[in-house]
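Examining the three-dimensional arrangement
Each chain, written out:
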Amino acid sequence: MNDRRRSLPPVNALLSEAERTGLSGRTPHAVLVRAIRETLDAARKYAGGEPAEGWLGAVERRVTEGYRRSLTPVINATGVVLHTNLGRAPLADAARQALADAAGYVALEYELDEGRRGSRQDHTRRLLRELTGAEDAFVATNAAAALFLALSALAADGETIVSRSELVEIGGGFRIPEILAKSGTRLVEVGTTNRVRAADYQNALSPRTRCVLKVHRSNFRITGFTSEVGVDELVSLCRPQGTPVIHDIGSGLLIDLASHGLTGEPLVRGSVASGAVVVFSGDKLLGGPQAGIIVGPGALLSRIASDPLARALRPDKSTVAALEVTLALYRDPGVAITEIPVLRMLTASPADLARRARRLARKIGGATVTAGESEVGGGAFPEAHLATTLVAVAATSCEAMLEALRRHAPPIIARITEGKVVFDVRTLSDDDFGPVAAAVQAARGG
Ligand SMILES: *Cc1c(COP(=O)(O)O)cnc(C)c1O
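Overview of the structure. These numbers were taken from a predicted model, which means no experiment stands behind them. (Residues numbered from 1 in each chain as written. Predicted model: local features only at pLDDT ≥ 70, side-chain atom pairs only at ≥ 80, totals over all residues. Heavy atoms only, no water.)

**Points about the sheet that holds strand E5 (residues 136-140)**
This is how it is decided: Note on pairing: DSSP must find at least two bridges between two strands before they are called paired. Secondary structure elements follow DSSP: runs of H or I no shorter than four residues count as helices, runs of E no shorter than two count as strands, and numbering proceeds from the N terminus. Working convention: axes come from line fits to C-alpha atoms, limited for helices to the stretch in contact. Angles between N-to-C directions cover 0 to 180 degrees. Contacts are assigned to residue pairs with any non-hydrogen atoms lying within 4.5 Å of each other.
Taken together, 7 strands build an open sheet; the order of strands is E5-E11-E10-E9-E8-E6-E7 and the sheet is mixed. Each of the sheet's edge strands pairs with one partner strand only, and the pair in question is E5 and strand E7 (186-190). Strand after strand, the sheet turns through a mean of 25 degrees between neighbouring axes, direction not considered. As paired elements, strand E9 (residues 245-250) and strand E10 (residues 277-281) share 4 bridges and run parallel to each other. Residue Ile 246 lies in a different strand from E10, and its bridge partner there is Val 277. Contacts from helix H7 (residues 122-132) reach E5 and strand E11 (292-296), with the element oriented near 120 degrees to E5.

Encoded structure:
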């Protein structure tokens, strides 16, 4: 050990070598020194001698790795359409262009006609009203923030009634009881884990009640001996007392996908029609950027928009830009289904998927096609069975092949099914086929 330590080269020696090879000319001094120190620290820690690539080789690799982008584009071959770890909804071409345009100066809070200050909410308000039937709308950074804001604005000084069957954790540590506590409202639980009745809500309503919250359970199901109270009935029940109902529906489904076999998610328009304040995500089924959208009665939306927290949770210009353009595509549902990648992938026909899978299999070579299922993801349509055709590749070690695919440029994220590495064409574009084939061939060779 001591011998090895003594055999580590001094920093200065590596610096002069870097000068000789030209590395120091291409690398800021501080970056080079840090890479040298890290290389030596690693050798010390693992009691290693000179690396196979040589000391300077190891230093250069660290410098290069340090410059690699961390948030790197990847190819999603998992078949999970709303893959939270991969950034959920991929954006429509028009929304990508809007993001690029918004990189410069944009009329974010500026009324061009009048030459005076405007509101960033104006860019999406009209479209949201038109598409959801709501009187008014407010956009926040994400749905968790939107719910927090709505509760803070409408219920901070009193009680919020929630069914026990809806005190869920959505994922990423988003727990309804904790959000309520943080927003300053007191949780009043009604019903039981599996059943809640209108009378339960009725009995809990009091002068201290500020709001009733209904939460879509998303990725969690209660089946068997169950009952729940619909949002329409809740709003009617609360009307005499003037108590607002907040409906957190999660996914933001703007058009009915039942004809494509996808049922069970609430439509935004349906919930709005009940008179509730409706909260949903921008980057789940809606297929836009990360955002939390609140729509509903004008008087309640005014209270939400004027809450001090609204300023802290407001969206940035990129979100506004991509959301406006995505919403505009919904004016023609046919256009929305073909142009918004999430909707296009979810409604892809089994025959089309099979044809594309055979094409990818031929491109890869030595691959087979097999029937499988894709997933919607993001807690939406958790029980949907999306029939797909998978491209399967045999490997001595599937784990090793997955790792090699992840190291490829661009990284390919695949999965293992029945002892083979599989690629689901549902979440692949035709442009991805080339890189996927090249990555598999490289993985086989290495
Ligand atoms: C996903 C989800 C949220 C959180 O949405 P984010 O946009 O990720 O913050 C909140 N409520 C429900 C019911 C959800 O499904």
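**What about the pattern of salt bridges?**
To keep it simple, the criterion reads: Just to be clear on terms, a salt bridge is a Lys or Arg side-chain nitrogen sitting within 4 Å of an Asp or Glu carboxyl oxygen. The cut-offs for exposure are 20% and 50% of the maximum accessible area for each residue type, with area from a 1.4 Å probe on protein chains only; residues under the lower value are buried, those over the upper are exposed, and the others partly exposed.
Under the criterion given, the structure shown has 29 salt bridges. Across the salt bridge formed by Arg 331 and Glu 130, the nearest N and O atoms sit 2.8 Å from each other. Remark: Glu 130 occurs in helix H7 and Arg 331 occurs in the loop between helix H15 (317-329) and helix H16 (333-339); sequence separation between them is 201 residues. Glu 178 is the salt-bridge partner of Arg 175, the closest N and O atoms lying 3.5 Å from each other. Residue classification places Glu 178 among the partly exposed positions, given a relative accessible area of 43%. Members of the salt-bridge network, linked through shared partners, are Glu 109, Arg 117, Arg 120 and Arg 314.

**Things to note about the packing of H7 against H15**
Spelled out, the test is: Note on terminology: angles under 35 degrees are roughly parallel, angles over 145 are roughly antiparallel, angles of 65 to 115 are roughly perpendicular, and the others are oblique. Helix crossings fall into two classes, left-handed where the near helix is turned counterclockwise from the far one by less than a right angle and right-handed where it is turned clockwise.
The geometry of H7 relative to H15 is characterised by a closest axis approach of 9 Å and an angle of 30 degrees between their N-to-C directions. What the angle tells us is that H7 and H15 run roughly parallel. Between H7 and H15 lies a crossing whose hand is left-handed. Counted together, His 123, Thr 124, Leu 127, Leu 128 and Leu 131 of H7 and Val 320, Leu 323, Glu 324, Leu 327 and Ala 328 of H15 form the full contact between these two elements.

**So, the sheet that holds strand E15 (residues 415-417)**
As summarised here, the arrangement of the 5 strands in space is E2-E12-E13-E16-E15, forming an open sheet in which the pairing is mixed. Taken across any chain shown, the strands that pair with only one partner, and hence form the sheet edges, are strand E2 (80-82) and E15. Each strand axis lies, on average, 45 degrees off the axis of its neighbour in the sheet, ignoring direction. Where helix H19 (residues 398-407) meets the sheet, its contacts fall on strand E13 (386-393), E15 and strand E16 (420-424), and the angle it forms with E16 comes to roughly 40 degrees.

**Quick look at helix H11 (residues 231-238)**
What counts here: Think of the arc as the fan of directions from the helix axis to the C-beta atoms.
What H11 keeps buried is the set Val 231, Leu 234, Val 235, Leu 237 and Cys 238. Axial view of H11: buried residues confined to an arc of 160 degrees, hence all on one face. Where the residues of H11 are buried, they touch helix H10 (198-204), strand E8 (209-215), E9 and helix H12 (268-273).

None of this, on its own, says anything about what the molecule does.
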